[in-house]
Amino acid sequence: MNITHERYEDYKMAVPTMDEINAEWAKDAEDFKNNSDVIRHSQEQYALHQKYHNWYNQLRLKLIRSEAELEKLKKEKIEYFSGEMDLATIKEKGWPLKPKLYAKSEIPKMVMTEDDIIILVQNIGYYKTTIDFVSNIIGMITFRHMAIKNILDYEKFVSGNI
């Protein structure tokens, strides 16, 4: 069964790296420090939220795709190491034709030490870490209105209008 989602291409969208997101957030947060323009900051809150939420969604799609690829590859490696994979498939994958066969209890350990599996596990960890980072940024943006209110209250207090 081959199921293709109509938005499959979204999985292939370029997503900024964590360093790029961090640099972008540093600029956005630094700009907010200038509290002389709170109205502009209030108006920009929705655009910022949309920008970071878009990245969050793209990262989630990449994470889901990587997790699915990992499960598929683990299944294939189990078949390979247990001797259940046919030669045509082994050739197609470019794997050595005569794998050392392992006891059933050793196979999961062997699968998890394969380079291609390790790379996918690292990618998944990277996506999860980046998603957490972007999620925290979204939280800060979501509650930015409270910071704006505090700035306005402080300005009132300093000017003696409270």
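Structure shown above.
Residues numbered from 1 in each chain as written. Predicted model: local features only at pLDDT ≥ 70, side-chain atom pairs only at ≥ 80, totals over all residues. Heavy atoms only, no water.

A.B. asks: Help me understand the nonpolar core in this model?
C.D. replies: A general tendency of soluble globular proteins is for nonpolar side chains to be buried together. Counting 27 residues, the largest nonpolar core has Ile21, Tyr52 and Leu59 as its most contacted members. Contributing elements (two or more residues each) for this core: helix 1 (18-33), helix 2 (38-81), helix 4 (107-112) and helix 5 (115-142). Excluding residues that lie within four positions of it along the chain, Ile21 makes contacts with Pro16, Tyr52, Trp55, Leu59, Thr130, Phe133, Val134 and Ile137. (Core = buried A, V, L, I, M, F, W, Y, C linked by side-chain atoms within 4.5 Å. Buried < 20%, exposed > 50% of the residue type's maximum accessible area, 1.4 Å probe, protein only. Helix = DSSP H or I, 4+ residues; strand = E, 2+ residues; numbered from the N terminus. Contact = heavy atoms within 4.5 Å.)

A.B. asks: What am I meant to see in the packing of aromatic side chains here?
C.D. replies: Geometrically, a pair of aromatic rings is defined through the distance of the ring centres and the angle of the planes. Tallied over the full model, the rule gives six aromatic pairs. Ring geometry for Phe81 versus Tyr102: centroids 5.5 Å apart, planes at 75 degrees, classification edge-to-face. Placement of Phe81 in helix 2 and of Tyr102 in the loop between helix 3 (87-93) and helix 4 is noted, with a sequence separation of 21 residues between them. Assessed through its relative accessible area of 5%, Phe81 is described here as buried. Three or more aromatic residues joined by ring pairs form one cluster here, namely Tyr80, Phe81, Trp95 and Tyr102. Looking at Lys93, its charged tip hangs above the ring of Trp95, at a distance of 5.8 Å from the centre. (Phe/Tyr/Trp six-rings, centres within 6.5 Å; stacked < 30°, edge-to-face > 60°. Lys NZ or Arg CZ within 6 Å of the ring centre and 35° of its normal.)

A.B. asks: How should I be thinking about helix 6 (residues 144-159) in this particular structure?
C.D. replies: Because an α-helix completes one turn every 3.6 residues, residues spaced three or four positions apart along the sequence face the same direction. The end-to-end C-alpha separation of helix 6 is 23 Å, in line with the 22 Å expected for 16 residues at 1.5 Å each. Buried within helix 6 we find Arg144, Ile148 and Ile151. Axial view of helix 6: buried residues confined to an arc of 55 degrees, hence all on one face. Downstream of helix 6 by one or two residues, Gly160 has phi in the positive range, about 85 degrees. (Expected span 1.5 Å × (residues − 1). Arc of directions from axis to C-beta.)

A.B. asks: Which parts of the structure should I look at to understand helix 5?
C.D. replies: End to end, helix 5 covers 40 Å across 28 residues, agreeing with the expected 40 Å (1.5 Å per residue, within 8%). Taken residue by residue, helix 5 has Ile117, Leu120, Ile124, Tyr127, Thr130, Ile131, Val134, Ile137, Ile138 and Ile141 as its buried positions.

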